[in-house]
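Each chain, written out:
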Amino acid sequence: MNFQKICILGLGYIGLPTASTFATHGVNVVGVDINPHVIETLQGGSIHIHEPGLRGVVESALASGNLTISPKPEKADAFLIAVPTPFYEDKVGEYDGRKYRLADMRAVISATEAILPCLRKGNLVILESTSPPRTTVDLVKPILERSGLKAGIDFYLCYSPERVLPGQILRELIENARVVGGVTPESAKAGHALYATFVKGQIIETDATTAEMVKLMENTTRDVNIAIANEFSRLAEKFGVDVWEAISLANLHPRINILSPGPGVGGHCISVDPWFLVEAAPELTPLIYHARKVNDDQPYFVLGEVKRALGTLKDKKIAALGLAYKPDVDDLRESPAAEVIHLLQLEGAQVKAWEPFKPEAELKGIDMATDLNTAFKDADAILLLVKHTQFADFDPEDIATRTRARVAIDTVNAWNAEEWQKAGFRLVRLGVNKK
Ligand code: SAJ
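Quick notes on the rules
- Residues numbered from 1 in each chain as written.
- Predicted model: local features only at pLDDT ≥ 70, side-chain atom pairs only at ≥ 80, totals over all residues.
- Heavy atoms only, no water.
- Helix = DSSP H or I, 4+ residues; strand = E, 2+ residues; numbered from the N terminus.
- Buried < 20%, exposed > 50% of the residue type's maximum accessible area, 1.4 Å probe, protein only.
- Contact = heavy atoms within 4.5 Å.
- Expected span 1.5 Å × (residues − 1).
- Polar contact = N/O pair within 3.5 Å; in protein donor to acceptor, adjacent residues only side chain to side chain.
- 1 Å grid on protein atoms, 1.4 Å probe; cavity = no way out; pocket = protein on both sides within 12 Å on 5 of 7 lines; lining within 4 Å.
- Points joined across faces, edges and corners; volume = space filled by probe spheres on them.
- Nonpolar A, V, L, I, M, F, W, Y, C, P; charged D, E, K, R; others polar.
- Near = heavy atom within 4 Å.
- Pairing = 2+ DSSP bridges.
- Axes fitted to C-alpha atoms, helices over the stretch in contact; angles between N-to-C directions.
- Salt bridge = Lys/Arg side-chain N within 4 Å of Asp/Glu carboxyl O.
- Right-handed = clockwise from strand over helix to strand, strands pointing away.

Undergrad: Before we go on, may I ask you to explain the environment of L344 in this structure?
TA: Residue position: L344 is located in helix α12 (residues 336–346). A relative accessible area of 0% means that L344 is categorised as buried. In this structure the C-alpha to C-alpha distance between L344 and L313, which are 31 residues apart in sequence, comes to 7.3 Å. L344 has contacts with L303, V306, L313, I318, A349, V351 and L383, leaving out every residue within four places of it along the chain.

Undergrad: Explanation requested: helix α8 (residues 208–239) in the structure shown.
TA: Three- or four-residue spacings in an α-helix give side chains the same orientation, since the helix completes a turn every 3.6 residues. Taking 1.5 Å per residue, 32 residues should reach 46 Å; α8 reaches 47 Å between its end C-alpha atoms and fits that length. Its side-chain oxygen placed 3.2 Å from the backbone nitrogen of T209, D207 serves as the N-cap of α8. G240 sits one or two positions beyond α8 and adopts a positive phi of about 70°.

Undergrad: Which parts of the structure should I look at to understand empty space enclosed by the protein?
TA: Over the atoms rolls a probe the size of a water molecule, and in doing so it shows where empty space is left. For the structure shown, the criterion picks out one cavity of 30 Å³ or more. Put simply, the largest cavity is a space of about 60 Å³. Along the walls of the largest cavity sit P161, R163, V164, E172, L173, N176, A177 and R178, which together make up its complete lining. Of the residues contributing to the lining of the largest cavity, the split by class is four nonpolar, one polar and three charged.

Undergrad: Explanation requested: the layout of surface pockets in the structure shown.
TA: Considered as a void within the structure, the second largest pocket measures approximately 610 Å³ in volume. Around the second largest pocket, the lining comprises 24 residues; the ones closest to its centre are F87, R101, D296, E334 and E339. Of all the secondary-structure elements, those providing two or more residues to the lining of the second largest pocket are β5 (87–95), β6 (98–103), α11 (286–310) and α12. Top element by residues in the lining of the second largest pocket is α11. It accounts for six residues. Looking at the lining of the second largest pocket residue by residue, the class counts come to ten nonpolar, four polar and ten charged.

Undergrad: I keep staring at the site of the ligand and nothing clicks. Help me out?
TA: Taken together, 20 residues lie around the ligand, and E162, V164, K215, R222 and Y325 are the ones closest in. At 2.8 Å, a backbone N or O of R163 approaches an oxygen atom of the ligand. Top contributing element to the shell around the ligand by residue count: α8, with five residues. Along the lines of polarity and charge, the residues of the shell around the ligand split into nine nonpolar, four polar and seven charged.

Undergrad: Is there a simple way to think about the sheet that holds strand β7 (residues 124–127) in this case?
TA: Pairing between the strands of a sheet is mediated by backbone hydrogen bonds and can be parallel or antiparallel. If you walk across this open sheet you meet the eight strands as β3-β2-β1-β4-β7-β8-β9-β10, and the pairing is mixed. Looking along the sheet, the strands with just one partner apiece sit at the ends: β3 (67–70) and β10 (203–207). Averaged over neighbouring strand pairs, the angle between their axes works out to 25° when direction is ignored. Looking at chain direction, strand β9 (residues 178–182) and β10 are connected through five bridges and run parallel. From the neighbouring strand, V180 faces β10, where its bridge partner is E205. Strands β1 (5–9), β4 (78–81) and β7 of the sheet are contacted by helix α4 (residues 106–115), whose axis makes an angle of about 165° with β4.

Undergrad: Before we go on, may I ask you to explain the pattern of salt bridges in this structure?
TA: Opposite charge on two side chains makes pairing possible when the charged atoms of those side chains draw close. Taken as a whole and assessed by the stated rule, the structure comprises 25 salt bridges. In this structure, the salt-bridge partner of R101 is E89, at a minimum N-O distance of 4.0 Å. Here the residue R101 occupies a position in strand β6, and E89 occupies one in strand β5, the gap between them amounting to twelve residues. Taking the shortest distance from any N to any O, the salt bridge between D315 and K314 comes out at 3.7 Å. Here D315 falls in the partly exposed class, since its relative accessible area comes to 46%.

Undergrad: What am I meant to see in unusual backbone geometry here?
TA: With the exception of glycine, the majority of residues adopt a negative phi angle, and the majority of peptide bonds are in the trans configuration. Positioned with a positive phi, D96 is a non-glycine residue whose angle comes to about 55°. The residue D96 is located in the loop between β5 and β6 in this model. Of note in this structure, D315 is not a glycine but carries a positive phi near 65°. Along the chain, D315 falls in the loop between α11 and β11 (317–321).

Undergrad: Looking at this structure, how should I read the side chain of T21?
TA: Position of T21 among the secondary structure elements: in helix α1 (residues 15–24). Each residue touching T21, except ones within four places of it in the same chain, is listed here: V57, L170, L173, I174 and F198.

Undergrad: Please explain the pairing of β11 as it appears in this structure.
TA: Side chains on a regular strand alternate between the two faces of the sheet. Within β11, four of the five residues are buried, leaving the element largely enclosed by the surrounding structure. Across five bridges, β11 lies against strand β12 (residues 350–354) in parallel orientation. Bridging from a neighbouring strand, A320 pairs with A353 of β12. Note on the crossover from β11 through α12 to β12: the handedness is right-handed. Taken together, the four bridges between β11 and strand β14 (residues 381–384) define a ladder with parallel strand orientation. Each residue of the ladder has a partner; that of L321, found in β14, is L384.

Written out as structure tokens, the structure is:
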């Protein structure tokens, strides 16, 4: 198959790197987004997201003329949908007393509908957005068939999950294995041919629903594994153990790889996707449901740790370091750090938050510091919530000269107890209660 021109709908964390990578590999790409701010920013030569190396790739894609930005799709050889699939904030489902989140598929529906007027015989359509099982066959296919064309006969239709790690997107896009699930084997072959433009990892053909499950299984496995690590941190606390020491010793076992506890699971993927499986079959997913609850409740455990360090929180001044959902990214979506801060405030603490990757962020109810020293000013305690490299690299002797706080709370195992104690701090670490 020959793909001279493709349309990519959704220019976010996945769509923009994908569009630019196709364009720098010689494909004529129309990047489509419904958000006027995104269109203006890109047309003005800037980018609206922070991802290492992305600016350079977007710039060369635009400069080559291979990438153009548009509010609407155009006729093309292939269409790729990479729009968000969040959950509804205001609706829940319930099964056997367990309340679960519901997938908001409106963006997938409207992107698919936007393709309809452009769809022609021989086209390829690929859904990349993480979606509940059977979305491609039960939701996307019927919409596209309103054109009068039949999926798998007149046009090819696939699901292919993005699996790139924020912070490593450009490298992983090219190097990771790609699963391409077709509604027919011919569809999968067509999808394979398109990704072969730039993917260097293995490209594996399967059916669309298997490809959807693969994606959900990956992120759900990670969520469940983080939940067990978080539960271990609570047990260690109870039994007078250092959870980090115990994990590193357990991980010497050749078949054990326990992940890291922390303040909870954030981001737009791992804290969202397991709900798609719970919603699709609540009667079959008690483990997935409970793992989600453990991770969602972890900010309460952090609250307990802060109280262990400070006693009552009323009028205590706390410098909270990090608001991103994970280290060295600027993405604040579903951030457990924000949740922790809200809980501290409910107990009467006065929290100043410092996020070096997004100092200008405006988060409801959170008092943002303009720089580190402002966060430190008058603080009674320092609370580390994200393991940004620059925080992990803090020299406690230097920090001791910038703040009057003499209590530091580390929720992510970034700081060395001895060094901090030598500098005059009492260091309280999440999941560590060694007497
Ligand atoms: N976290 C822990 N402990 C750990 C690892 C992570 O608490 O040991 C927390 C992080 O701090 C963060 C959250 O989990 O709050 C998720 O971070 P992450 O690095 O595990 O994953 P994401 O959400 O950035 O990216 C994931 C990746 N999926 C897997 O590793 C299975 C990525 O490959 C996917 O493409 C991405 O989701 C996605 O878009 O679905």
